[in-house]
Amino acid sequence: MPHLLRPALALAALALLAPAAWPHFNILLPESPSARSGETVTFLYRFGHPFEHELFDAPPPARVFVLAPDGRKTELAKALEKVKAPTPDKKEVTAYRFRFKPEQRGDYTFVLQTPPIWLEEDQEFVQDIVKVVLHVQAQKGWDADTGRQFKIVPLTRPYGLQPGTAFQAQVLAPADPLASPEVLAAGKPLAGALVEIERFNTTRPQKLPPDEQRTRTAKTDPNGVVTASLTESGWWAITAQRDGGKREHKGKSYPVRQRATLWVWVDAKGTGN
């Protein structure tokens, strides 16, 4: 074997053995997808790889709020409690918890915004807006408008679904200030946006499938709509992304990837929650 080829082959072998850089997601989930009015529900915010159930320290959220079925907004930052969450390898990571008692019948939309998070392996920042809906006895408000922000809005109800459901959502970006009042209020549909779909496993799988079967990818149509088939019960992250400009890190400029995540609940076949 020519001497010059040996280092190249060694590097190629190391590349094959190196783990893939799987997506990190912000995981905001209630202890149950539904509740009754007056019943306290605990929410837990974590950060990591949902499919692999690999958890890392979650950054302090920049903002957390909830929209009630009647549209009233309540800030929840003061309710956040910093806690330690266990990992499958018997370690602990930083997480955040809060409790909420819904007083109305209808759907409550919880929104968590993160600061820019530096991902060393990807050499970029991610900045996320995460939404999850808590269903409280009446189907009212599950598609609530969360304001002028990069967002993903459900077109299919995001709970009470059966495995195999075709789920649709629309990706909207903040509109130009000179847009019409209607577009300003709703946002501009983002055509061709990349969307990642990934299931949250409550335990680490013993055998991992190929990467393309862990994180599915799709693109939005000309109206900003994405369609995903949710094949198993449990929580699914539907995450759209767009270019968020640049940010400095250690004297260099790196890209910022803005993401909007909607967590969707799928029931076990033939059951409720």
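Let me begin by describing the structure that accompanies this report. (Residues numbered from 1 in each chain as written. Predicted model: local features only at pLDDT ≥ 70, side-chain atom pairs only at ≥ 80, totals over all residues. Heavy atoms only, no water.)

**Points about the pairing of strand β4 (residues 63–67)**
Among the five residues of β4, four are classified as buried, and the element is accordingly described as predominantly covered. Sheet topology places β4 next to strand β5 (residues 73–75); three bridges connect them, and they run antiparallel. Counterpart to Leu67 in the pairing with β5 is Lys73. With antiparallel pairing between neighbouring strands as the criterion, β4 and β5 make up a hairpin whose turn holds five residues, including Gly71 at a positive phi of roughly 90°. (Buried < 20%, exposed > 50% of the residue type's maximum accessible area, 1.4 Å probe, protein only. Helix = DSSP H or I, 4+ residues; strand = E, 2+ residues; numbered from the N terminus. Pairing = 2+ DSSP bridges.)

**Focus: the side chain of Arg259**
In this fold, Arg259 is placed in strand β18 (residues 252–266). Residue Arg259 is classed as buried on the basis of its relative accessible area, which comes to 1%. Excluding residues that lie within four positions of it along the chain, Arg259 makes contacts with His24, Phe25, Asn26, Val126, Gln127, Asp128, Ile129, Phe150, Thr239, Ala240 and Gln241. (Contact = heavy atoms within 4.5 Å.)

**Examining unusual backbone geometry**
A positive phi angle, close to 50°, is found at His53, a residue other than glycine. With respect to the helices and strands, His53 occurs in the loop between β2 (41–49) and β3 (54–56).

**Thoughts on the nonpolar core**
Formed by 36 residues in total, the largest nonpolar core has its most connected members in Leu28, Phe43, Tyr108, Phe110, Leu134 and Trp263. Those residues within four positions of Trp263 in sequence are excluded, and the remaining contacts are Asn26, Ile27, Leu28, Leu29, Pro50, Val130, Lys131, Val132, Phe200, Trp235, Trp236 and Ala237. Judged by nonpolar contacts, the second largest core, of 19 residues, contains Val195, Ile197, Leu230 and Trp236. (Core = buried A, V, L, I, M, F, W, Y, C linked by side-chain atoms within 4.5 Å.)

**A word on the environment of Leu155**
Inspection of the secondary structure puts Leu155 in the loop between β11 (151–154) and β12 (165–173). Remark: the alpha-carbon pair of Leu155 and Asp143, spanning 12 residues in sequence, is separated by 7.1 Å.

**Re the environment of Pro50**
With respect to the helices, strands and loops of the structure, Pro50 is situated in the loop between β2 and β3. Residues Pro50 and Arg204 lie 154 residues apart in sequence; the distance between their C-alpha atoms is 9.2 Å.

**Observations concerning the packing of aromatic side chains**
The geometry of an aromatic ring pair is captured by the separation of the ring centres together with the interplanar angle, meaning the angle of the planes. Evaluation of the coordinates by the stated rule reveals 10 aromatic pairs. Ring plane angle 35° and centroid distance 6.0 Å describe the contact between Phe98 and Phe110, whose orientation is recorded as tilted. Separated by 12 residues along the polypeptide, Phe98 in strand β7 (residues 92–100) and Phe110 in strand β8 (residues 106–113) bring together distant segments of the chain. Taking the relative accessible area as the measure of exposure, Phe98 reaches 2% and is therefore buried. Under the relative-accessibility criterion, Phe110 is labelled buried at 0%. With 5.1 Å between their ring centres and 90° between their planes, Phe100 and Phe110 make a pair best called edge-to-face. Of this pair, Phe100 sits in strand β7 while Phe110 sits in strand β8, and the two are 10 residues apart along the sequence. (Phe/Tyr/Trp six-rings, centres within 6.5 Å; stacked < 30°, edge-to-face > 60°.)

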